[in-house]
Amino acid sequence: MSRRLPLSSELFEFLGYYAAEGHAARTVRLSFGKTARERSFAERCLSLFQRVFGISGRIYDYKRNSALLVDFPTILLSKAFRLWFGDDASTKHLPQWIMEAEETLIRKFLIGFINGDGWSMTTNGYSVVGMCTVSDVMAEQIFLLCVKVGLCPSARRRPQAKK
């Protein structure tokens, strides 16, 4: 693996998936549901990571919690991903180099993010896309990326469920 990482559409799509579904400890890991659509996203992430980083991963099917885990055994990259994105969901953020990327790369990032933590529908002839995150910082950053590529975002805070 090279010490320099070329900024490519494949990298940015993977990073979008990671921002939505990933975390890093000793490995780089993404978690998906078990629908056929989510399995296709998991397989897409395997392919993207292999092409971008040259490292093979594996999909684990966890029956007890109905999840597919995509795992990439790389301590070095797990440290980089924690540095770039933060340590947990509530403090997740985007690195400045994503925020300053060219429009085509940002669009690829948003595709990965929406596939991971988003939804879309058509209503009254308009396409509507929604995304979720528990991180206030990342929500603001995603909003800004949407504006940067010419989308018209809106945001709302969902009240936390009472315990």
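Just so you know, these numbers come straight off a predicted model, no measurement behind them. (Residues numbered from 1 in each chain as written. Predicted model: local features only at pLDDT ≥ 70, side-chain atom pairs only at ≥ 80, totals over all residues. Heavy atoms only, no water.)

Caption draft 1: Just the packing of aromatic side chains, in detail. Counted by the stated rule, this structure contains 17 aromatic pairs. With a centroid separation of 6.1 Å and 80° between ring planes, the pair formed by Phe14 and Phe81 is classed as edge-to-face. With Phe14 in helix H1 (residues 9-21) and Phe81 in helix H3 (residues 75-85), this pair connects stretches of sequence that are 67 residues apart. Grouping residues by exposure puts Phe14 and Phe81 together as buried. Ring geometry for Phe49 against Phe53: centres 4.6 Å apart, planes inclined by 45°, an arrangement best described as tilted. With Phe49 and Phe53 both in helix H2 (residues 36-53) and four residues apart, the pair spans about one turn of that helix. Through a chain of ring-to-ring contacts, three or more aromatic side chains come together here, namely Phe12, Phe14, Tyr18, Phe49, Phe53, Phe72, Phe81, Trp84, Phe85 and Trp97. Between Lys92 and the ring centre of Tyr18, over which it is positioned, the NZ or CZ distance is 5.3 Å. (Phe/Tyr/Trp six-rings, centres within 6.5 Å; stacked < 30°, edge-to-face > 60°. Helix = DSSP H or I, 4+ residues; strand = E, 2+ residues; numbered from the N terminus. Buried < 20%, exposed > 50% of the residue type's maximum accessible area, 1.4 Å probe, protein only. Lys NZ or Arg CZ within 6 Å of the ring centre and 35° of its normal.)

Caption draft 2: Spatial organisation of the sheet that holds strand S3 (residues 58-62). Spatial strand order, S1-S2-S4-S3: four strands in an open sheet with antiparallel pairing. Unpaired on one side and paired on the other, strand S1 (22-24) and S3 mark the two borders of the sheet. Across the sheet, the axes of successive neighbouring strands diverge by a mean angle of 25°, strand direction being ignored. (Pairing = 2+ DSSP bridges. Axes fitted to C-alpha atoms, helices over the stretch in contact; angles between N-to-C directions.)

Caption draft 3: Broad picture of the nonpolar core. Ranked by size, the top nonpolar core spans 42 residues in total, and within it Phe14, Phe81, Leu94 and Phe109 carry the most contacts. Listing elements by their share of this core, those giving two or more residues are H1, strand S2 (28-32), H2, strand S4 (67-72), H3, helix H4 (96-99), helix H5 (103-117) and helix H6 (136-148). No other element matches H1, which puts eight residues into this core. Not counting chain neighbours up to four residues away, the residues in contact with Phe81 comprise Phe14, Leu15, Tyr18, Ala24, Val28, Phe49, Phe53 and Gly86. (Core = buried A, V, L, I, M, F, W, Y, C linked by side-chain atoms within 4.5 Å. Contact = heavy atoms within 4.5 Å.)

Caption draft 4: Main features of unusual backbone geometry. A positive phi angle is found at Asn124, which is not glycine, with a value near 50°. Assignment of secondary structure puts Asn124 in the loop between strand S5 (118-123) and strand S6 (126-131).

Caption draft 5: Seen up close, the pattern of salt bridges. This structure, assessed with the given rule, holds seven salt bridges. The closest approach of N and O atoms between Glu13 and Arg44, which form a salt bridge, is 2.7 Å. Placement of Glu13 in helix H1 and of Arg44 in helix H2 is noted, with a sequence separation of 31 residues between them. Residue Glu13 is classed as buried on the basis of its relative accessible area of 5%. Using a relative accessible area of 30% as the deciding quantity, one classes Arg44 as partly exposed. (Salt bridge = Lys/Arg side-chain N within 4 Å of Asp/Glu carboxyl O.)

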